[in-house]
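Notes for the structure review
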Amino acid sequence: MMAIFEYAPAPESRDVVDIRPSYGLFVNGEFVDGSGTPFKTVNPATEETLAEVATASSDDVDRAVQAARKAFGVWSALPGAERAKYLFRIARIIQERARELAVLESLDNGKPIRESRDVDVPLVAAHFFYYAGWADKLAYAGFGEPRPLGVAGQVIPWNFPLLMLAWKIAPALACGNTVVLKPAETTPLTALVFADICRQAELPPGVVNIVTGAGETGAAVVGHPDVDKVAFTGSTEVGRIIARAVAGTDKKLTLELGGKAANIVFEDAAVDQAVEGIVNGIFFNQGHVCCAGSRLLVQESVQEEVLESLRRRLSTLRLGDPLDKNTDIGAINSAEQLAKIRSLSDLGESEGAQRWSPACELPDKGFWFPPTVFTGVAQSHSIARAEIFGPVLSVLTFRTPAEAVEKANNTPYGLSAGIWTEKGSRILWMADRLRAGVVWANTFNKFDPASPFGGYKESGYGREGGLHGLEAYLDV
Amino acid sequence: MPYLWYAGTPAIPRTWGTTALRGSGLEVEALVGDAVGVSTVTTSLTDVASSDTALRAFLHGLPGVDRVGADQRAAMLGTRSIKTTAKAQAIDLAISMVDLTTLEGADTAGKVRAMCAKAVRPGGDAPRVAAVCVYPDLVPVAVGALGGTGVKVASVATAFPSGRSSLDVKVGETTAAVAAGADEIDMVIDRGAFLSGRYMKVYDEIVAVKAACGAAHLKVILETGELATYDNVRRASWLAMLAGADFIKTSTGKVSPAATPPVTLIMLEAVRDFRDATGRQVGVKPAGGIRTAKDAIKNLVLVNETAGDDWLSPDWFRLGASSLLNDLLMQRQKLSTGRYAGPDYFTLD
């Protein structure tokens, strides 16, 4: 049936970005060739190749670490107020180039422009502004007279390419460290534009180095003997490898890994807003969110009502061109990730959970997966245990607050949780008992540079953001 | 790339509801169905208004509204980008939903006649508006000017805008407006009674005014700016619908804030849920503060993504406004010619 009010395509213009055919590494303030075999980065919504990107070999990584080491002397000796000037400048340039960054992020990652424009890029700028403010106040942060660590080796994932870069680079630089950062191989482009922003801000050479490549490049960064600090965001599997590689060295390590967050809806929740929170919890960024609310725990007394509202709401989600300003659900980032989501979803079905997706046509080209809800999920099902990292929600039920806590905590992960209730005392009672680094009450997936973020158990250790985020980059 | 999804139509057939109210007990008997297969649904809400206690328990048992979440949802829907063909479609739909309003002490027969002329022929080939909305004493003038044009005559009543008068006066005013030919009555609720928890008084007044309306449609103005909380907006919406409102309307336009997007969103959720519960469809009319085509289109997006297609018609959604129409006409011309004409190219009224 033809809808009465059909939104016409409203694509954001691509003209604002100028993608070069090939990109090198950013070492010591210069773009240089890499000595590894270059790789291609594609637009996951169309499978079109966007650019060819250099691969950093271990020699290239070594040069980057040497540049960072050399720059560390100059950078760490600068008064905090001077470092702050550079960070404020970077933050302002990010705001000035916000549209370009948002479009490029959507092209390379597949996320809807509404999210890259309204969430990712504003948060990136906010992180730089926030940590710029700390740069001259470190003596008042409660760590005595702290010293920077030295060279930070940072490896970031593809789900929030530029935001994860900001989470890593802003506090490191504010504290006086220099960095060698490796972006994910499927989403290197905004990091390379960020390198250009560093040049535009006239950041001293070597303070920020960007080395592109796959796992081997990351291993070279993490394993380099002259790296003092390793920061990684990504899968628990890779986190374990990194922890092993770092064990026995004096490198300081923070890991931000996977999650299987419970989004807990009580019978007295504000239903319409809880449904929005469920949608935002698992379908934001196609569910490519480590703190995604991938397990919905709904009180049995309101299960039907909540699920009916949820299904109705999901039928209004708009899936398609990530650059269209009205798109809610974009593309899955890579063929590999799509295969993983498919196989875990098929497993969910074969283990006996009921699968549901709204009527939905997927584009012919690119990597797409419809928003999917599994009901009748038990704690023992794979889809209630494994991190799917896609737009797949597992619905479980509970009867009492104590049972909700038990089920929420019954996972090897502990990154985040959500509580939906109109009762303030219950929020506090629950938050005390949930083993999760972040607990959201009547909201989900809200981020703020002033708020620390990090996990319990297999979700990693260390905190990013806020005052706590400074500790990871200071010798305390 | 074309859109791959759009809001699915709920599997509920279009509904022509008739509400039979019997004393204080509430009997909702709705005729559900298309021309064929008419069936009678008696809802579980029969006893809700049997006593003050029952009504209070029901209204306070409705799910709460989280202000932060509702504001965010409305703000997100405000970012929808409506361009080209969609914009043209939305502008014409918005024009056809306008309740062109003048509610001033200085209103005269001449002013009302002029407004009626514009209501019928807004300019160019734009569609006519849904209704004109005037004070009761000017209803005969509007009826005279609009007879046979299809544009409805709406009259405010019940001691608009404050509602601070006796029930006799309110009913009398309604009766007079209907007798003078008003097709629609826009009544105000007793906010004082609502805020002091005397829900039954509010309910009884709506029932009485509805009875006085006869065949005329009743729009119940909640004056959400005075109700202050979103929980109150949802409760007042349900209260009005239970009492027989054909439409629920945000505001008189005399109090600020008037029709904010989150308030309209909550009322749209209320009519959607009410139809699910009773089978009876109730319309929504945001009024006050909607001045630009952009505001109007945001309202249509709210309807489209909250209540859905069934509410996207002048029968079920209205925009109460005075200056809005000219901005819609200006944007309409801009879309067809590519440039803006100056304000002198659009008639005052």
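This structure is a prediction, so every number in the text was calculated from the model and none was measured.

The rules behind these values
- Residues numbered from 1 in each chain as written.
- Chains lettered and ligands numbered in written order.
- Predicted model: local features only at pLDDT ≥ 70, side-chain atom pairs only at ≥ 80, totals over all residues.
- Domains from an automatic or database assignment.
- Contact = placed C-beta atoms within 7 Å.
- Helix = DSSP H or I, 4+ residues; strand = E, 2+ residues; numbered from the N terminus.
- Nonpolar A, V, L, I, M, F, W, Y, C, P; charged D, E, K, R; others polar.
- Pairing = 2+ DSSP bridges.
- Axes fitted to C-alpha atoms, helices over the stretch in contact; angles between N-to-C directions.
- Parallel < 35°, antiparallel > 145°, perpendicular 65-115°, else oblique.
- Left-handed = near helix turned anticlockwise from the far one by under 90°.
- Buried ≥ 20, exposed ≤ 12 C-beta atoms within 10 Å, placed from the backbone.
- Arc of directions from axis to C-beta.

What follows covers the domain arrangement of chain A. Residue and element names in this part refer to chain A. Segmenting chain A into domains produces domain 1 (22–257 + 456–475) and domain 2 (262–441). In this complex, domain 1 contributes 21 residues to the contact, which on the side of domain 2 involves 27 residues. Those elements that place two or more of their residues in the side of domain 1 that touches domain 2 are α3 (98–109) and α4 (113–134). A class-by-class count of the residues in the side of domain 1 that touches domain 2 yields 7 nonpolar, 7 polar and 7 charged.

Turning our eyes to something else, we now look at the sheet that holds strand β13 (residues 295–299) of chain A. All names here are of chain A. If you trace the 7 strands from one edge of the open sheet to the other, you get β14-β15-β16-β13-β12-β17-β18, paired in mixed fashion. Edge positions in the open sheet fall to β14 (354–356) and β18 (438–441), since each of these has one partner strand only. Going from strand to strand, the sheet's axes swing by 20 degrees on average, the running direction of each strand aside. Running over the sheet, helix α11 (residues 335–350) touches β14, β15 (372–375) and β16 (392–398) and is turned about 135 degrees from β14.

This part is about the interface of chain A and chain B. The interface is formed by 35 residues belonging to chain A together with 34 residues belonging to chain B. Put simply, the parts of the chain that give the side of chain A that touches chain B at least two residues each are α4 and α9 (271–283) of chain A. Tallying contributions element by element places α9 of chain A first for the side of chain A that touches chain B, with 5 residues.

To continue, consider the packing of helix α10 (residues 230–242) of chain B against helix α11 (residues 261–278) of chain B. Axis angle and axis distance: for two packed helices, these are the angle between their axes and the distance between the axes, and together they describe the pair. All names here are of chain B. α11 packs onto α10 with a crossing angle of 40 degrees between their chain directions and a minimal axis gap of 9 Å. Viewed along their axes, α10 and α11 adopt a mutual orientation that is oblique. Here α10 and α11 pass one another in a crossing that is right-handed. Residues Tyr230, Val233, Arg234, Ser237, Trp238 and Met241 of α10 form the contact with α11, whose own contacting residues are Pro262, Val263, Ile266, Met267, Ala270 and Phe274. Looking at the contact of α10 with α11 residue by residue, the class counts come to 10 nonpolar, 1 polar and 1 charged.

Residue and element names in this part refer to chain B. Strand order in this open sheet of 8 strands is β12-β11-β10-β9-β8-β7-β6-β13, and the pairing throughout is parallel. Each edge of the sheet is formed by a strand with only one pairing partner; in this case those strands are β12 (283–285) and β13 (319–321). In this sheet, adjacent strand axes meet at a mean angle of 25 degrees when their direction is disregarded. Examined bridge by bridge, strand β10 (residues 217–221) and strand β11 (residues 247–249) share 3 bridges and lie parallel to one another. Across the sheet, valine 220 pairs through a bridge with isoleucine 248, a residue of β11. The strands touched by helix α5 (residues 139–146) are β7 (131–134) and β8 (152–156); relative to β8, the strand with the most contacts, the crossing angle is about 170 degrees.

Residues and elements named next belong to chain B. Listed in full, the buried residues belonging to α5 are Val139, Val141, Ala142, Ala145 and Leu146. The arc that holds the buried residues of α5, viewed along the axis, is 160 degrees, so those residues lie on one side. Its buried side turned inward, α5 meets α4 (109–120), β7, β8 and α6 (167–179). The positive-phi residue at the C-terminal boundary of α5 is glycine 148, with phi of around 80 degrees.

The next thing to look at is the environment of valine 27 of chain A. Residues and elements named next belong to chain A. With respect to the helices and strands, the residue valine 27 is situated in strand β2 (residues 25–27). Residues valine 27 and glutamate 12 lie 15 residues apart in sequence; the distance between their C-alpha atoms is 32 Å. Non-local contacts of valine 27, meaning those with residues more than four positions away in its chain, are made with Val32, Arg63, Ala64, Ala67 and Asn209.

This part is about the environment of lysine 260 of chain A. All names here are of chain A. Mapped onto the elements, lysine 260 comes out in the loop between β11 (252–256) and β12 (262–265). Overall, lysine 260 belongs to the buried group, with 27 C-beta atoms counted inside 10 Å. As a C-alpha pair, lysine 260 and valine 289 span 29 residues in sequence and 10.0 Å in three-dimensional space. Sequence-distant contacts of lysine 260, that is, excluding residues within four places in its chain, are made with Ser294, Arg295, Arg385, Glu387, Thr411 and Tyr413.

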